[in-house]
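One letter stands for each residue in the lines below.
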Amino acid sequence: MEMTSMIETHWADLAGALPLPVHRRVSPLHPLDLFAQLDAQERVGLLAISSEPPGTVPTYSAVDVNVGLRADGKWATSMSLRQPLLRPMFAAMCDEIVHQGLEAQNGTQSGGFVLQHLARWQRLLAMGPDGLLTAEARLGLLGELTVLSKAVDRFAPRIAIEGWLGPLDAPQDFLLPCGFLEVKAIRTGSPEVRISSLEQLDVSSSALALSVCEFAPCAAGTGGHSLATLVAEIRGKLIDEIQIADSFEGLLRQAGFTDRSEYAEDEFRLLRMRWFSVTDDFPRLRRSLLPQAISKTKYGLILDGLEPFETAGEL
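The rules we used
- Residues numbered from 1 in each chain as written.
- Predicted model: local features only at pLDDT ≥ 70, side-chain atom pairs only at ≥ 80, totals over all residues.
- Heavy atoms only, no water.
- Salt bridge = Lys/Arg side-chain N within 4 Å of Asp/Glu carboxyl O.
- Helix = DSSP H or I, 4+ residues; strand = E, 2+ residues; numbered from the N terminus.
- Buried < 20%, exposed > 50% of the residue type's maximum accessible area, 1.4 Å probe, protein only.
- Pairing = 2+ DSSP bridges.
- Axes fitted to C-alpha atoms, helices over the stretch in contact; angles between N-to-C directions.
- Contact = heavy atoms within 4.5 Å.

Novice: What am I meant to see in the pattern of salt bridges here?
Specialist: Note on pairing: side chains with opposite charge can pair once their charged atoms come close. Tallying each qualifying case throughout the model produces 19 salt bridges. Across the pair arginine 272 and glutamate 214 runs a salt bridge whose closest N-O atoms are separated by 3.0 Å. A residue pair is termed long-range when its members are at least 10 positions apart, and arginine 272 in strand 10 (residues 267–277) and glutamate 214 in strand 9 (residues 208–218) qualify at 58 residues. Look at glutamate 214 and you get buried, because its relative accessible area is 12%. Note that glutamate 310 and arginine 274 form a salt bridge whose closest N and O atoms lie 2.8 Å from each other. With glutamate 310 in strand 12 (residues 310–311) and arginine 274 in strand 10, this pair connects stretches of sequence that are 36 residues apart. One salt-bridge network, in which partners are shared between bridges, spans Asp39, Arg43, Asp64 and Arg82.

Here's what the structure looks like:
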């Protein structure tokens, strides 16, 4: 039986209380001023109280984030769930924020702390109203999990799972003993890969490789994987690693994955994996070589033009 999360218990206890909004401190011993909340529309959420403003407030499709100055001079940072279908992952996010807050240093401002951790769940917060990953996001996650499965076989499970950085909003998808690794998943016949930030292929302190996984749709039972079956395969490899398995489940939630039947419907066969060494002369945009006024950009790389950098090795 699945245990009810800490934040869900608080939300259940607050249900029906009037007047709205209502709040309950997550723990009397918690070092940060964090409160479970039902807002004026009875939407579940988390409230942080701090003595300083939290900084820039982002806009998300799945979560409302509001900041206001209270009568006592403190700042209230409130986040409320807009899409009820995302409640299990939203609860997991709130629980993680509360748990991570237990290790916060003295002087940490609750509002800024919440917004900082909120940014790590961007894939969840960008989901549509049905609570499902987009087709593009599913293919991207399939690519990351394909590499992760190979990394579990190649290295110790702990090294592989701790090295999976993609769900943590890191610039690169993996940091493994062989260096940083960025994974791109494409459909068969795609001529290019998309680079989503200046930082993605800009690493100077360690080796960096680009892995391109080429997938083709296939019928069930013909040698392919759905997102659900690949997750199940990795879970099977971690069955004797309880703590590592828990870490994997947390990363899956941050990647936007939950066990839903829709993720078992479409299967893809891995046609090939190509590996490219991102050396100094690799074609890429680097922040250090661009004008400071350029804050962000996306660009494409033609795969045929990367052949001089292709390597025979894998992990």
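Novice: What exactly am I supposed to notice about the sheet that holds strand 4 (residues 63–69) here?
Specialist: Think of a sheet as strands paired side by side through backbone hydrogen bonds, with each pair either parallel or antiparallel. One open sheet holds the 5 strands; their spatial order is 1-2-3-5-4, and the pairing between them is antiparallel. The sheet is open, and its two edges are formed by strand 1 (22–25) and strand 4, each paired on a single side. Direction aside, the axes of adjacent strands within the sheet are offset by 25° on average. Note that strand 1 and strand 2 (residues 34–38) share 4 bridges and pair antiparallel. By the bridge assignment for strand 2, histidine 23 is matched with glutamine 37. Contacting strand 2, strand 3 (44–50), strand 4 and strand 5 (75–81), helix 3 (residues 110–118) crosses the sheet at an angle of about 135° to strand 3.

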